[in-house]
Amino acid sequence: MNILPNIENEHPAKYRDQFRRRVNNGSCYKRPFLGNREFAAFFAPVDGSETAIDYTDQLGRMLFDLNYNIDDERAKPVFFNAELNNGVLNVPVEKYKEVWRNK
């Protein structure tokens, strides 16, 4: 089921520009968060002075998203093993495919 039936006719620049406008205004459709909504992520436009923190650690299991694509009555939580590498948290691409494959 495609929830955005006309998306293939849209130019990617439209979404890139929409994203940039929202970041510059400090607004978002849904507030990004790290694992749980209680851990809101704050963001700002890139100004060139950003550097990653010098910290590496295993953070443990982190909630990625809720999978509503299943036939059960409840959403299925999808987790990943979070790891911070020199201040950078990388989310496995497979998790996006797992949650968004049928949307």
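Residues numbered from 1 in each chain as written. Predicted model: local features only at pLDDT ≥ 70, side-chain atom pairs only at ≥ 80, totals over all residues. Heavy atoms only, no water.

### Remarks on helix H1 (residues 12-25)
Here is step 1: Helix length check: H1 (14 residues) gives 20 Å between terminal C-alpha atoms against 20 Å at 1.5 Å per residue, within 8%.
Here is step 2: Phi for Gly 26, located one or two positions after H1, is positive at around 70 degrees. (Helix = DSSP H or I, 4+ residues; strand = E, 2+ residues; numbered from the N terminus. Expected span 1.5 Å × (residues − 1).)

### Observations concerning the packing of aromatic side chains
Here is step 1: Here the structure, examined in full by the defined rule, presents two aromatic pairs.
Here is step 2: Note on Phe 64 and Phe 80: the rings are 6.5 Å apart at their centroids and 85 degrees apart in plane angle, and the pair reads as edge-to-face. In this pair, Phe 64 is assigned in strand S1 (residues 57-67) and Phe 80 in strand S2 (residues 76-85), connecting sequence segments 16 residues apart. For the pair shown, Phe 64 and Phe 80 are each scored as buried. (Phe/Tyr/Trp six-rings, centres within 6.5 Å; stacked < 30°, edge-to-face > 60°. Buried < 20%, exposed > 50% of the residue type's maximum accessible area, 1.4 Å probe, protein only.)

### Some thoughts on the side chain of Asn 67
Here is step 1: Looking at the secondary structure, you find Asn 67 in strand S1.
Here is step 2: Apart from the residues lying within four places of it in its own chain, the contact partners of Asn 67 are Ala 75, Lys 76, Val 78, Glu 98 and Val 99. (Contact = heavy atoms within 4.5 Å.)

### Examining the sheet that holds strand S3 (residues 88-89)
Here is step 1: Within the open sheet, the three strands sit side by side as S1-S2-S3. Their pairing is antiparallel. Here the strands that pair on one side only, and so sit at the sheet edges, are S1 and S3.
Here is step 2: By the bridge criterion, two bridges tie S2 to S3 in an arrangement that is antiparallel. Looking at the pairing, Leu 84 lines up with Leu 89 of S3. (Pairing = 2+ DSSP bridges.)

### Things to note about the environment of Ile 53
Here is step 1: Mapped onto the elements of the fold, Ile 53 is located in the loop between H1 and S1.
Here is step 2: Ile 53 sits 31 residues away from Leu 84 along the chain, and the two C-alpha atoms are 9.9 Å apart.

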